Amino acid sequence: MTTITRRTTALLAGALLATLAGCAGPHDRGPAEARGTEGAAPPGKVEKTVPAGLPGMPPVLDPKDVYAADRPNQLAPAVKNFPSRVYVPNTNSNTVSVIDPKTYKVVKTIPVGVQPQHVVPSWDMKTLWVNNNRGHTLTPINPATGEVGKPVEVHDPYNLYFTPNGKYAVVMASMDRELVFRDPHTMERKKTVPVSCYGVNHADFSADGRYFVVSCEFSGELLKVDTEKMKVVGQQKLPFEGAMPQDVKISPDGKTIYIADMMAHGMWVLDGEKFTTPELLPTGKGCHGLYVSRDSKEMYVSNRGEGSISVFDFTKKKLTKKWHLPDGGSPDMGGVSADGKVLWLSGRYDSEVYAIDTTTGDQLARIPVGGGPHGLAVYPQPGRYSLGHTGVFR
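Our subject in this report is the structure included herewith.

The rules behind these values
Residues numbered from 1 in each chain as written. Predicted model: local features only at pLDDT ≥ 70, side-chain atom pairs only at ≥ 80, totals over all residues. Heavy atoms only, no water. Patch = residues over 30% accessible without salt bridge, like charges linked within 9 Å, V, L, I, M, F, W, Y side chains within 5 Å. Areas by Shrake-Rupley, 256 points an atom, 1.4 Å probe, with all protein chains shown as cover. Salt bridge = Lys/Arg side-chain N within 4 Å of Asp/Glu carboxyl O. Buried < 20%, exposed > 50% of the residue type's maximum accessible area, 1.4 Å probe, protein only. Pairing = 2+ DSSP bridges. Helix = DSSP H or I, 4+ residues; strand = E, 2+ residues; numbered from the N terminus. Axes fitted to C-alpha atoms, helices over the stretch in contact; angles between N-to-C directions. Phe/Tyr/Trp six-rings, centres within 6.5 Å; stacked < 30°, edge-to-face > 60°. Lys NZ or Arg CZ within 6 Å of the ring centre and 35° of its normal.

**Structural notes on a nonpolar patch on the surface**
Among the surface-exposed residues, Met175, Tyr198 and Phe218 lie close enough to one another that they form a single nonpolar patch of about 360 Å² accessible area. For Met175, a relative accessible area of 54% corresponds to the exposed category.

**Here's the deal with the sheet that holds strand β19 (residues 279–282)**
Ordered by their spatial adjacency, four strands build an open sheet running β16-β17-β18-β19, and the pairing between neighbours is antiparallel. With partners counted over all chains shown, the strands left at the sheet margins are β16 (245–250) and β19, one partner each. The sheet shows a mean angle of 25° between the axes of neighbouring strands, taken without regard to direction.

**Here we look at the pattern of salt bridges**
Two side chains carrying opposite charge are able to pair once their charged atoms lie near each other. Applying the stated criterion across every chain, the model contains 13 salt bridges. Here Lys322 and Glu306 are joined by a salt bridge, their closest N and O atoms 2.8 Å apart. You can see Lys322 sitting in strand β23 (residues 318–324) and its partner Glu306 sitting in the loop between β21 (298–303) and β22 (308–313), a full 16 residues away along the chain. A residue is classified by how much of its surface remains accessible, and Lys322, at 37% relative accessible area, is partly exposed.

**Concerning the packing of aromatic side chains**
The full count for this structure, using the stated rule, is eleven aromatic pairs. Seen from their ring centres, Phe205 and Phe212 are 4.8 Å apart, and the 45° between their planes marks the pair as tilted. The burial state of Phe205 is the same as that of Phe212; both residues are buried. What links up through ring pairs into an aromatic cluster is the set Tyr168, Phe181, Phe205 and Phe212. The ring of Tyr198 carries Arg177 above its face, with NZ or CZ at 3.8 Å from the centroid. Directly above the ring of Tyr211 sits Lys224, whose terminal nitrogen or CZ lies 4.2 Å from the centroid.

See below:
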């Protein structure tokens, strides 16, 4: 009923616009892409109606910045007393290394399931889920105490996200070629969405939460998914032979979606609403992870194939700096410290973790961990709720 109402409203608004302004009505791609409309207003003044967000989603704090809740040390009450730690899933060792960021030392090693890929904060931020991809389980960790809970059976959990309203967990079942919507607490399967692309792995949501874009690593494709309908509404092949899209991140103003590509060696710049063919912005060999600064001005881009980090300026829409790790390395996935001063990245092929100064680009530490470190989570981080992955907060 809700979907019919929104669609009918959008169509009526389009008809009114066509009558008043003599222009075409809005596109009818569906509610996931509904835009605001302009109506009659006093002379010299135009009022814009912003489309409502996904039902149940916390209101956007700042329409110009989806990351407004992620300012330095702006910790939610639920996490403010958690000890600061860096959780590193070691894919080849079937463990999670726990690092104290103050001492740069591993303080604990947790045995988990087979092939842990990412450590993912839950929507309510009270649990960390270890994605044991080939073990077909999720291991819960209590970030307040470090206590490890009983593994939950979930098939092929390569990566994990949460809808912005907290209603569903979304498992990226890469080898199963499925998006699986589950209960965010019990992980009970609610709906399975088969996909025709190969290797679903990363995603990010639109500013209003009504759709999300998914990267398909092994077939070089992108999907657009209607969050509420739980339905693929768009699909395209990237215009690069051998493309392997990785991390996905939306710009602060919500207008652009960036997709890292480790074989195209750069970021795809996509208009998420139109979902037209994106353009490639070269960053460096093996472009892989995307992390927004605490002031929402920059994005750190890890180039795994050359041991570097590119810095992208959102306002200037260009790369402004490149930092190279001393003695090279393989910077992969990670996150930014709560105060915004340190970028933490796993060294995928070097059994190490890098701590990088976000002001100077200097390497602060190089910490030995287990084999194949991958999607590490810096925790806690600022924000009101988690969208998943290694920590995407709003």
